[in-house]
Amino acid sequence: MEKIIIEGGARLIGDIAISGSKNSALPIFASTILSQSPNTFHNVPNLRDIATIQKVLANLGIRVTRKKKGVARIDSSGLSGHEAPYDLVKTMRASILVLGPLISRRGKAVVSLPGGCAIGARPVNLHLRGLEALGAKIELKHGYIYAKANGLKGGHIYLDVPTVTGTENLMMAAALAQGKTVIENAAQEPEVEELAVVLNKMGAKISGGGTSLLEIDGVDELGGTEHTIMPDRIEAGTLMVAAGLTQGNLRLMNCPLSSLDAVVNKLQEAGLEIQSDGETVTVVGNNRIRSVDVKTLPYPGFPTDMQAQIMVFMCLARGLSVISETVFENRFIHVSELRRMGADIKVESNSAIVSGVKQLSGAQVMATDLRASASLVLAGLAAEGITEVARVYHLDRGYDQLEKKLVRVGAQIKRIKT
Ligand code: EPZ
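Worth saying up front: this structure is predicted, and the values here are computed from it rather than measured.

Colleague: Explanation requested: empty space enclosed by the protein in the structure shown.
Modeller: For the structure on display, the rule yields 3 cavities of 30 Å³ or more. Here the largest cavity defines a volume of roughly 50 Å³. In this structure, the largest cavity is lined by Ile119, Thr304, Gln307, Ala308, Asn330, Arg331, Phe332, Ile333, His334, Asp369, Arg371 and Ala372. Those elements that place two or more of their residues in the lining of the largest cavity are α10 (307–315) and α12 (370–382). A breakdown of the residues in the lining of the largest cavity according to their chemical character gives 5 nonpolar, 4 polar and 3 charged. Each pocket or cavity is described by its volume, and for the second largest cavity that value is around 40 Å³.

Colleague: What's the story with the site of the ligand in this structure? I'm lost.
Modeller: Close to the ligand lie 20 residues, the nearest being Asn125, Thr163, Thr165, Asp305 and Val327. At 2.9 Å from an oxygen atom of the ligand is found a side-chain nitrogen or oxygen belonging to Arg122. At 2.6 Å, a side-chain N or O of Asp305 approaches an oxygen atom of the ligand. Within the residue set of the shell around the ligand, elements represented by two or more residues are α1 (22–31), α5 (125–133), α6 (164–175) and α12. Per-element accounting of the shell around the ligand gives the leading share, 3 residues, to α5. Here the residues of the shell around the ligand sort into 9 nonpolar, 6 polar and 5 charged.

Colleague: What is the right way to read α1 from this model?
Modeller: Counting along an α-helix, one turn takes 3.6 residues, and residues three or four places apart therefore face a common direction. With 9 of 10 residues buried, α1 lies mostly within the body of the structure. Residues of α1 that are buried include every one of Lys22, Ser24, Ala25, Leu26, Pro27, Ile28, Phe29, Ala30 and Ser31, and no others. At the N-terminal boundary of α1, the capping side chain belongs to Ser21, with an oxygen 3.4 Å from the backbone nitrogen of Asn23.

Colleague: How should the packing of aromatic side chains be read in this particular structure?
Modeller: For any two aromatic rings, the description comes down to two numbers: the centre-to-centre distance and the angle of the planes. The full count for this structure, using the stated rule, is 2 aromatic pairs. Taking 5.9 Å as the distance between ring centres and 25° as the angle between the ring planes, the aromatic pair formed by Phe29 and Phe41 counts as stacked. With a gap of 12 residues between them, Phe29 in helix α1 and Phe41 in strand β3 (residues 39–42) connect regions that are remote in the sequence. A relative accessible area of 0% means that Phe29 is categorised as buried.

Colleague: What's the story with the packing of α5 against α6 in this structure? I'm lost.
Modeller: Relative orientation and spacing of two packed helices are given, respectively, by the angle between their axes and the distance between those axes. Interhelical geometry of α5 versus α6 gives an angle of 20° and a closest axis separation of 9 Å. Relative to α6, the element α5 lies roughly parallel. Seen along the crossing, α5 lies across α6 with a hand that is right-handed. Residues Leu126, His127, Gly130 and Leu131 of α5 form the contact with α6, whose participating residues are Thr165, Gly166, Asn169, Leu170 and Ala173. Its residues placed into classes, the contact of α5 with α6 shows 4 nonpolar, 5 polar and no charged.

Colleague: Looking at this structure, how should I read α6?
Modeller: In this model, α6 (12 residues) spans 17 Å end to end at C-alpha, consistent with the 16 Å of a helix rising 1.5 Å per residue. Along α6, 10 of the 12 residues are buried, which leaves the element largely enclosed by surrounding structure. Its side-chain oxygen 3.0 Å from the backbone nitrogen of Gly166, Thr163 forms the N-cap of α6.

Colleague: Looking at this structure, I do not really get the side chain of Thr167. What am I missing?
Modeller: Inspection of the secondary structure assignment puts Thr167 in helix α6. The exposure class of Thr167 is buried, given its relative accessible area of 0%. Within polar-contact distance, the side chain of Thr167 engages the backbone oxygen of Thr163 at 2.6 Å. Not counting chain neighbours up to four residues away, the residues in contact with Thr167 comprise Leu159, Ile183, Ala186, Ala187, Val192 and Leu214.

What counts, and where the lines are drawn
Residues numbered from 1 in each chain as written. Predicted model: local features only at pLDDT ≥ 70, side-chain atom pairs only at ≥ 80, totals over all residues. Heavy atoms only, no water. 1 Å grid on protein atoms, 1.4 Å probe; cavity = no way out; pocket = protein on both sides within 12 Å on 5 of 7 lines; lining within 4 Å. Points joined across faces, edges and corners; volume = space filled by probe spheres on them. Helix = DSSP H or I, 4+ residues; strand = E, 2+ residues; numbered from the N terminus. Nonpolar A, V, L, I, M, F, W, Y, C, P; charged D, E, K, R; others polar. Near = heavy atom within 4 Å. Polar contact = N/O pair within 3.5 Å; in protein donor to acceptor, adjacent residues only side chain to side chain. Buried < 20%, exposed > 50% of the residue type's maximum accessible area, 1.4 Å probe, protein only. Phe/Tyr/Trp six-rings, centres within 6.5 Å; stacked < 30°, edge-to-face > 60°. Axes fitted to C-alpha atoms, helices over the stretch in contact; angles between N-to-C directions. Parallel < 35°, antiparallel > 145°, perpendicular 65-115°, else oblique. Left-handed = near helix turned anticlockwise from the far one by under 90°. Contact = heavy atoms within 4.5 Å. Expected span 1.5 Å × (residues − 1).

In structure tokens, the structure reads:
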């Protein structure tokens, strides 16, 4: 087991390059199941979740070659399997993303049902209902999804909730379906849009990527392509808050500013200076953090994956802020750990009322999920004294060497084995 130890108070100054996007790379890797020819991807982040999806693909007979840093060559000509086992799916819910491509390419799939999650029940009913609308026969038994289809047929799908991986699964399934599919109330996240771009580069006919209305004309087969994965907007947002919490001055290279409007607007409202010269984004913090209210929403609203991080920022703001979580029903687990560091937060149903305090104090805290762990590292950077963050394996799922990047800009942070 490992822990991260942080001595707070250092101002962060310098350059940080943003890594490739986890939530973009995962569906793109799953989409290679649909390809008849090899694909090559660049700017692939070095993350535990990427290692997991590679194992899921290898388990299906797909060859993933990682010769150069950040480059993955994925050859699915050896695709032979149709199962994603519990042992892999339990470590990463996003493994569900192989379901749609497997039904579409192999006509069958056996995928473990993702279990519960710290941040919410997270059912996949909309994925399954959408696949049934394309003609799949779905049965749930022994904790697995058993799906069969004798060739999917285009259909009309209305999503009750603009589910991100649900939209991605159905878009991939429809790419090889016979005829036209329309997905209404689709997720508009930049990662969904990038998946549509990659599928179209493979030969798919998808329009409306990144909008709430997707139209997909099925094709007989998809080829291979070469693509550079976009930078991770949540990593960039997390580092912007780090600059704000430490009165820092960070230059973020390869920062996807165009997909961060809601985040940048809120951080500027709170007093952070954020400027771009087209190449890099400069973020300058000061010690007059203003309190702002935040409501998480599907894109282009404020991302739920930045909720815990902006909550830490508001812990040191002047005044009261209300943070409402509308996407997941149980995403305030980090609150009790932040309270251990002296934060003043009251939770009432899906809102957290944060009263700004002068200072946080270092403490031993425990990470419970990916973004909660990032918020505890941020709190440690701002706190007086030493913070120890346990269960950092959560952090490694979605942040590419975060503490090494922070050390390079002056943070007093290290990782130790326990
Ligand atoms: C994606 O999860 C992201 N994961 C999550 O990032 C992110 O928090 C989430 O979208 C919301 O932005 C990946 O892209 C791999 P949803 P996903 O389906 O697709 C309900 C991170 O930190 N719902 O859009 O699983 C669901 O319960 C992770 O990087 C149904 O009811 O999220 C939730 O309340 C965490 N039925 C809401 O929709 C369904 O069939 C949104 O979930 C599907 C979803």
